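Listed below, chain by chain, are the residues.
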Amino acid sequence: MTEKLNIEVPTMAEMMARGEEPEILFWVGCAGSYDERAQKTTRDICKILHHVGIKYAVLGTEESCTGDPAKRAGNEFLFQMQAMTNIEVLNAYNIKKIVTGCPHCFNTIKNEYPGLGGIYEVIHHTQLIQDLINDGKLKAEGGESFKGKKITYHDPCYLGRGNGIYEAPRAALEVLDAQLVEMKRCKSNGLCCGAGGAQMFKEPEKGNKDINIERIEEALETSPNIIAAGCPFCMTMLSDGVKMKDQNDNVKVLDIAEITARANGL
Amino acid sequence: MISQILFIALTIAAIAFFSINLKKVIRNIRLGRPADRSDQPAKRLTTMLKVAFGQTKMVVRPIPAALHFIVYVGFVIINIEVLEIMIDGVFGTHRIFGGLGSLYNFLIGGFEILALGVWISCVIFLIRRNILKLKRFMARELTGWPKSDANYILFTEILLMTAFLLMNAADAKLQLLGSHHYISAGAFPVSQYLQNLLPANEASLIAIERGCWWFHIIGILAFLNYLPYSKHFHILFAFPNTYFSNLEPKGEFTNMQSVTNEVKAMLDPSFTPPEGDPGRFGAKDVNDLTWVNLMNAYTCTECGRCTAVCPANITGKLLSPRKIMMDTRDRMEEVGKTLDKGGAAFEDGKSLIDDYITREELWACTSCNACVEACPINIDPLAIITDLRRYAVMEESQAPSSISSMLGNIENNGAPWKYSPADRFNWAKEN
């Protein structure tokens, strides 16, 4: 339950110095590294990795932006500069498998890096959690009980429509014995939180409503206890929406990794 | 004999005129940049069969899906009748397939039921557009010509089906009268109810039957020639459009090879980029887009499913993915007209960006892919938006100021926010 990170997070540099190789590299991402709210998710992903005994490492200060927001904003130069620099680092460490804490990093490394020489097996953290549950390595016991709690899951565009991953995050919630409710617009028909395509970094264009408000109203229609997210940008937009609607006391926005960590008392 | 000659001449003229216009459309599409879509032919074929032929993406909205399916099946199957009309027209025969007996009766009976289905569906479509005024059909880009275009198509289909049924009613009545030339053939489950509306006089019946026969076939030929001017082109283009559609994950944006060459040259001094001008980065005008984007524009039937699911549009922003496709086609047609007159195509001082699509529209996109997912025939408005953004950012260095600072941060600190790279790992130490 505590947010404190009582474990050492190994970096690639340290591991290499010891002559070791990790099973999987955890790509934290910019939001996961710097955004206070997303940092909690990052730490919970580490706790899960540690708990199941997977040999993992992070790049630490050697990590840099994947270039995703630059690419969506139209700056292909900057994207490819970032991509090639990152690929050089990843290839130097002989990385084979990557788990990301962000659907944008996931999409970019999985789909757009191979053409530039970066070929890795890439999974999103909700897929890792699903795999661990399927292998019996991760359950939902020893921690907070979500029994009977109403949870609605918001599909991040770059995980759902972008890459067709709808089941993994839901599988991670299904083990909780909670009550899963779907919003009207879900899965391939899911509504964007409003942050994609570099919108996260600018004010919205003139309109009659903010996209995250439209989305949060739909989420609140399901009268949930928890809105589950799988993306740090969605997390920001949804949390802001809940705040704007004065629902802070009734509804929590939590990442799938946070929910999993809590359910296991990590 | 005169009517046979007239028929043959009309048919040849109609097909020739259509071919000329189709050639122009193909020329316009070829203004686009190359894109390789020759991979995975088996998967492409399945996609086409499922999405275009099987209409699998229509079912999301069950009511229009059912109505559209009736019109589609009606269109395809009733056109078997056109084969008979063609043969009768050329050889001066009447109901040449009548000899098929019960099979013929089954076919004509089936056509009549479908014709009624098409008739009813088109009336419902007209009601949805003009009386119920569904939100999807009331957008600012659907005023003027696009609105009339949709209504013309529906009216024409209603008229064609009416003519077909009236023709059969008159024919059946003439058969009963034992009129010369009108052999006993066909079953008329629908048009039998129209018989009482018709006069009893043989000469008038023949006039009605012939009139409807000519109206039906001229109508079909005219409709064919209307396609190149209309949003209705999708009845042909849906097939190549789905065949050549993107098979990669929707989240994946293309990596620009021209940029790869430049970046490699920057990072590795020993790398020599290929000879030749890399061309413009991104798209300012239609010739900077790929032929797939341009074919998409001709394929769009302006149904607005994209716009109805666009988060920007839903929340009142200017962006409408449907308008992106319509603007692309309009600009292409404008360029095409200049080419028809033998003029220089891109020297009119206009461009797709600004003259058709504004920056405000471009920057409202969240790249969420809802429009791409919603399109029943795999049109990709996001690819065009992305290429226009690329032009704005890379060729003009024009972006909203907050976007420029985000890009500056990535360039300087390797993160979209102004944080030091040295602090990137602090999350593991702080609690």
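Residues numbered from 1 in each chain as written. Chains lettered and ligands numbered in written order. Predicted model: local features only at pLDDT ≥ 70, side-chain atom pairs only at ≥ 80, totals over all residues. Heavy atoms only, no water.

Quick notes on the overall build of chain A
In terms of helices and strands, chain A carries 11 helices and 8 strands. Radius of gyration (C-alpha) of chain A: 18 Å, near the 18 Å computed for a compact globule of 266 residues. Dimensions along the principal axes, computed over C-alpha positions, put chain A at roughly 50 × 45 × 30 Å. The 266 residues of chain A split such that 64% are buried. Excluding contacts between residues fewer than 6 apart, the proportion of contacts in chain A whose partners are at least 24 apart in sequence is 78%. Mean positive and mean negative side-chain charge positions of chain A (30 and 37 charges, respectively) differ by 4 Å. (Helix = DSSP H or I, 4+ residues; strand = E, 2+ residues; numbered from the N terminus. Rg over C-alpha atoms; globule rule 2.2 N^0.38 Å. Buried < 20%, exposed > 50% of the residue type's maximum accessible area, 1.4 Å probe, protein only. Contact = heavy atoms within 4.5 Å. Lys, Arg positive; Asp, Glu negative; His and termini not counted. Charge placed at Lys NZ, Arg CZ, Asp CG, Glu CD.)

Here we look at the domain arrangement of chain B
All names here are of chain B. Split by domain assignment, chain B resolves into domain 1 (2–30 + 61–243) and domain 2 (257–421). Taking the mean C-alpha position of each, domain 1 and domain 2 sit 40 Å from one another. Across the boundary between the two partners, domain 1 contributes 27 residues, which contact 29 residues of domain 2. A buried area of about 2400 Å², summed over both sides, lies between domain 1 and domain 2, and 51% of it is on carbon and sulfur atoms. Counting the surface domain 1 buries against domain 2, the share from its top three residues, Ile29, Glu141 and Asn241, is 26%. Where domain 1 touches domain 2, the interface holds 4 salt bridges. Close ionic contact of Lys24 with Asp340 constitutes a salt bridge, the shortest N to O distance being 3.6 Å. Counting across the domain 1 and domain 2 interface gives 15 residue pairs in polar contact (both at pLDDT 80 or more). A per-element tally of the side of domain 1 that touches domain 2 places helix H7 (residues 234–243) first, with 6 residues. (Domains from an automatic or database assignment. Buried area = accessible area lost by both parts, 1.4 Å probe. Salt bridge = Lys/Arg side-chain N within 4 Å of Asp/Glu carboxyl O. Polar contact = N/O pair within 3.5 Å; in protein donor to acceptor, adjacent residues only side chain to side chain.)

Examining the state of the cysteines
Throughout this description, disulfide means a covalent bond between two cysteine sulfur atoms. Here the structure, examined in full by the defined rule, presents 0 disulfides over all chains. Left without a disulfide partner, Cys102(A) is nearest to the cysteine sulfur of Cys105(A), which lies 3.9 Å away. (Disulfide = S-S within 2.5 Å.)

So, the layout of surface pockets
All names here are of chain B. Of the pockets and cavities examined, the largest pocket occupies roughly 1600 Å³. Forming the walls of the largest pocket are 49 residues, and the residues nearest its centre are Arg37, Asn246, Glu248, Thr254 and Asp380. Within the lining of the largest pocket, the residues separate by chemical class into 14 nonpolar, 17 polar and 18 charged. Approximately 1100 Å³ is the volume attributed to the second largest pocket. Looking at the second largest pocket, it is lined by 44 residues, and the ones nearest its centre are His68, Val71, His232, His234 and Ile235. Mapped onto the lining of the second largest pocket, the elements with two or more residues apiece are helix H2 (41–53), helix H3 (62–91), helix H4 (102–130), helix H5 (145–177), helix H6 (202–226) and H7. Per element, the largest residue contribution to the lining of the second largest pocket is 10 residues, and it comes from H3. The residue makeup of the lining of the second largest pocket, split by class, is 30 nonpolar, 8 polar and 6 charged. Domain assignment of the residues forming the lining of the second largest pocket places at least three in each of domain 1 (2–30 + 61–243) and domain 2 (257–421). (1 Å grid on protein atoms, 1.4 Å probe; cavity = no way out; pocket = protein on both sides within 12 Å on 5 of 7 lines; lining within 4 Å. Points joined across faces, edges and corners; volume = space filled by probe spheres on them. Nonpolar A, V, L, I, M, F, W, Y, C, P; charged D, E, K, R; others polar.)

A look at the pairing of strand E3 (residues 97–100) of chain A
Taken residue by residue, a regular strand's side chains alternate between the two faces of the sheet. Residue and element names in this part refer to chain A. Where strand E1 (residues 24–27) lies against E3, 3 bridges are found, and the strand directions are parallel. Each residue of the ladder has a partner; that of Leu25, found in E3, is Ile98. By the bridge criterion, 4 bridges tie E3 to strand E4 (residues 121–124) in an arrangement that is parallel. Looking at the pairing, Lys97 lines up with Glu121 of E4. Where the polypeptide runs from E3 across helix H6 (residues 103–112) and back to E4, its parallel neighbour, the crossover connection is right-handed. (Pairing = 2+ DSSP bridges. Right-handed = clockwise from strand over helix to strand, strands pointing away.)

Some remarks on the sheet that holds strand E2 (residues 56–57) of chain A
Residues and elements named next belong to chain A. The 4 strands are arranged E2-E1-E3-E4 in an open sheet whose pairing can be described as parallel. The outermost strands of the open sheet, each flanked by one partner alone, are E2 and E4. Sheet topology note: the E1/E2 ladder contains 2 bridges and is parallel. Its bridge partner being in E2, Leu25 is matched across the sheet by Ala57. Across the sheet, helix H7 (residues 125–134) lies against E1, E3 and E4, angled at about 90° from E4, the strand it touches most. (Axes fitted to C-alpha atoms, helices over the stretch in contact; angles between N-to-C directions.)

So, the packing of H2(B) against H7(B)
All names here are of chain B. Here H2 crosses H7 at 145°, and the two axes come no closer than 7 Å. Relative to H7, the crossing made by H2 is right-handed. Residues Pro41, Arg44, Leu45, Thr47, Met48, Val51, Ala52 and Phe53 of H2 form the contact with H7, whose own contacting residues are Ala238, Phe239, Thr242 and Tyr243. Here the contact of H2 with H7 is composed, by residue class, of 9 nonpolar, 2 polar and 1 charged. (Left-handed = near helix turned anticlockwise from the far one by under 90°.)

Thoughts on empty space enclosed by the protein
Residue and element names in this part refer to chain A. Under the definition given, this model contains 9 cavities of 30 Å³ or more. In this structure, the largest cavity occupies an estimated 210 Å³ of space. Lining the largest cavity are 26 residues, with Cys30, Ala31, Cys102, Cys105 and Pro232 positioned closest to its centre. Counting only elements with at least two residues in the lining of the largest cavity, the list comes to helix H2 (30–34), helix H3 (36–52), helix H4 (68–73), H6 and helix H10 (232–244). No other element matches the 4 residues that H3 contributes to the lining of the largest cavity. By residue class, the composition of the lining of the largest cavity is 16 nonpolar, 8 polar and 2 charged. Split by domain, the lining of the largest cavity shows at least three residues from each of two domains, domain 1 (12–130) and domain 2 (139–263).

Overview of the interface of chain A and chain B
Interface size, as often reported, equals the accessible area lost upon joining of the parts. Between chain A and chain B, the residue contacts involve 71 residues of the former and 60 residues of the latter. Contact with chain B buries surface across chain A, with Tyr34(A), Phe77(A) and Phe201(A) losing the most and accounting together for 15% of the total. Between the two partners, chain A and chain B, sit 2 salt bridges. Here Arg424(B) ties to Glu63(A) by a salt bridge, and the two come within 2.9 Å at their closest N and O atoms. There are 30 residue pairs in polar contact (both at pLDDT 80 or more) connecting chain A and chain B. Those elements giving two or more residues to the side of chain A that touches chain B turn out to be H2, H3, H4, helix H5 (76–92), H6 and helix H9 (211–221) of chain A.

So, the side chain of Arg136(B)
All names here are of chain B. Take Arg136: it is sitting in the loop between H4 and H5. Buried Arg136, no salt bridge; nearest opposite-charge side chain is Glu141, N-O distance 11 Å. With residues up to four places along the chain from it excluded, the contact list for Arg136 reads Arg61, Pro64, Arg128, Leu142, Cys303, Gly304, Arg305, Ala308 and Arg322.

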